[in-house]
Amino acid sequence: MTDALPPIERSQAFRDGLIREMRDLRAFAVSLSGSFHQADDLLQETLMKAWQNSNSFIPGTNMRAWLVTILRNTYYSQYRKRGREVSDTDGIYSSQLATPPNQEASLDMADFQIALQKLAPEHRDVLLMVGASGLSYEETAEICGVAVGTIKSRLNRARARLADLLGIKDASDLGMGSVSEAVVRSQSSG
Amino acid sequence: MSGALKGSGAGPSPSQTEWDDDEDSGAEVSPLVVDAVGKALHAHFQSIAEMPLPDRLLVLLAELEARERRQDS
């Protein structure tokens, strides 16, 4: 019964939970904003808000969903206030990676980030929440304030659009050329 | 989730200019494409999550904790 813990121990559990989530939350923030600098500002503000409102976190519920809610609300309220800043997508990986694995991998990551930034915000949201952060459709629907069906529809469109941006058009791009060609042949002849 | 922090449609959300969610979602994305997009997304996320946290966040966490200890004592 975590909610029966005395204040000090509860705060320790809360702190441990925060630390556990921090890296994934940073990946979420970078992917959302397209900028390490902005992501770290967001993370800092989220951390402070989470700590100040720790009493409103219900132990046993999903802390990741709770933190994503705070971070996303913070991001979009800043976004509305000052408009979209130019993100520093170009070169972020070369400057952030202490030891870049190799140039090609770095470029792939930057390309992916650029593709993410080209998505409609509501599509990026669902991809990052459901696809990357592992939140449920229900949690994501609650955070976005829309129906579960809308989340599924957005996810479908988001995947299609991202695949398009990444140049994943059919199975032949996935190293399954012979299979896809066979499928295409059978469809066109049928 | 807290009432004060809960997301809502009335809250700060991106405007929907490009897509109409009320429409049918259109053609289903093939499972192979779903899989490829999912893997690329996870790889991207993982590459960021594996980076060390910046010092300023660790310092902030320590400060918040220290402040709370002072208040408790």
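(A) Quick peek at the overall build of chain A. Assigned secondary structure in chain A consists of 9 helices and 0 strands. For chain A, the sequential pattern of α-helices and β-strands runs α-α-α-α-α-α-α-α-α. A total of 190 residues make up chain A; the buried ones form 38% of that total. In chain A, the proportion of contacts linking residues at least 24 apart, taken out of those at least 6 apart, comes to 60%.

(B) Fine view of the overall build of chain B. A count of helices and strands for chain B gives 2 helices and 0 strands. In chain B, buried positions account for 15% of the 73 residues.

(C) Highlighting the confidence of the model for chain B. Across chain B, pLDDT averages 72, with 60% of residues at or above 70. As a predicted assembly, this complex carries a pTM of 0.76 together with an ipTM value of 0.75.

(D) Region of interest: the domain arrangement of chain A. Residues and elements named next belong to chain A. Here chain A is described as being made up of domain 1 (1-87) and domain 2 (119-167). Each partner contributes residues to the interface: domain 1 has 10 residues there, and domain 2 has 8 residues. Elements supplying a minimum of two residues to the side of domain 1 that touches domain 2: α1 (7-33) and α3 (63-82). A total of 5 residues in the side of domain 1 that touches domain 2 trace back to one element, the largest contributor, which is α3. Of the residues in the side of domain 1 that touches domain 2, the class split is 4 nonpolar, 3 polar and 3 charged.

(E) Structural detail: the nonpolar core. Within the largest apolar cluster, 51 residues are counted, with the highest numbers of intra-cluster contacts made by F28, A29, V68, L71 and A163 of chain A. Where this core is concerned, the elements lending two or more residues are α1, α2 (36-52), α3, α5 (103-118), α6 (121-132), α7 (137-144) and α8 (148-165) of chain A together with α1 (31-49) of chain B. Counting residues per element, this core draws most heavily on α1 of chain A, at 8 residues. Formed jointly, this core draws a minimum of three residues from each of two domains, domain 1 (1-87) and domain 2 (119-167) of chain A.

(F) Looking closely at the confidence of the model for chain A. Residues and elements named next belong to chain A. In this model, chain A carries a mean pLDDT of 80, and residues with pLDDT of at least 70 account for 71%. The spread of mean pLDDT over the elements of chain A runs between helix α9 (residues 177-189), the lowest at 44, and α7, the highest at 97. In this model residues 86-91 is a low-confidence stretch, pLDDT under 50, and it forms 11 contacts with partners more than four residues away in sequence or in other chains. Predicted confidence is poor over residues 93-101, with pLDDT under 50, and the contacts of this stretch with residues over four places away or in other chains come to 9 contacts.

(G) How the structure looks around the packing of α2 of chain A against α3 of chain A. Residue and element names in this part refer to chain A. With their axes 9 Å apart at the nearest point, α2 and α3 run at an angle of 125 degrees to one another. In terms of axis orientation, α2 runs oblique to α3. Considering only the axes of α2 and α3, their crossing is right-handed. Residue-level inspection shows L42, E45, T46, K49 and A50 of α2 in contact with α3, the latter providing L67, I70, L71, T74 and Y75.

(H) Focus on α6 of chain A. Residue and element names in this part refer to chain A. Most of α6 sits out of view: 11 of its 12 residues are buried. Taken as a whole, α6 has its buried residues at E122, H123, R124, D125, V126, L127, L128, M129, V130, G131 and A132. Directly after α6, the chain includes G134, whose backbone phi takes a positive value near 75 degrees.

(I) Expanded view of the environment of R64 of chain A. Residues and elements named next belong to chain A. Structurally, the position occupied by R64 is in helix α3. Along the chain, R64 and D24 lie 40 residues apart, while their C-alpha atoms are 8.7 Å from each other. Filtering out sequence-adjacent residues up to four positions away, R64 remains in contact with E21, D24, S133 and L135.

(J) Structural context of the environment of A40 of chain B. Following the sequence through the fold, A40 of chain B ends up in helix α1. Every residue in contact with A40 of chain B, bar those within four places of it in the chain, is listed here: F112 and L166 of chain A.

(K) Molecular detail of the packing of α8 of chain A against α1 of chain B. Across the interface, α8 of chain A lies against α1 of chain B with an axial gap of 10 Å and an inter-helix angle of 75 degrees. In this view, α8 of chain A runs roughly perpendicular relative to α1 of chain B, as classed from their interaxial angle. Every residue of α1 of chain B that contacts α8 of chain A at R159, L162 and A163 of chain A is listed here: V33, V34, A36 and V37 of chain B. Among the residues forming the contact of α8 of chain A with α1 of chain B, the class breakdown is 6 nonpolar, no polar and 1 charged.

Cut-offs applied
Residues numbered from 1 in each chain as written. Chains lettered and ligands numbered in written order. Predicted model: local features only at pLDDT ≥ 70, side-chain atom pairs only at ≥ 80, totals over all residues. Helix = DSSP H or I, 4+ residues; strand = E, 2+ residues; numbered from the N terminus. Buried ≥ 20, exposed ≤ 12 C-beta atoms within 10 Å, placed from the backbone. Contact = placed C-beta atoms within 7 Å. pLDDT = per-residue confidence, 0-100. Domains from an automatic or database assignment. Nonpolar A, V, L, I, M, F, W, Y, C, P; charged D, E, K, R; others polar. Core = buried A, V, L, I, M, F, W, Y, C linked by C-beta atoms within 7 Å. Axes fitted to C-alpha atoms, helices over the stretch in contact; angles between N-to-C directions. Parallel < 35°, antiparallel > 145°, perpendicular 65-115°, else oblique. Left-handed = near helix turned anticlockwise from the far one by under 90°.

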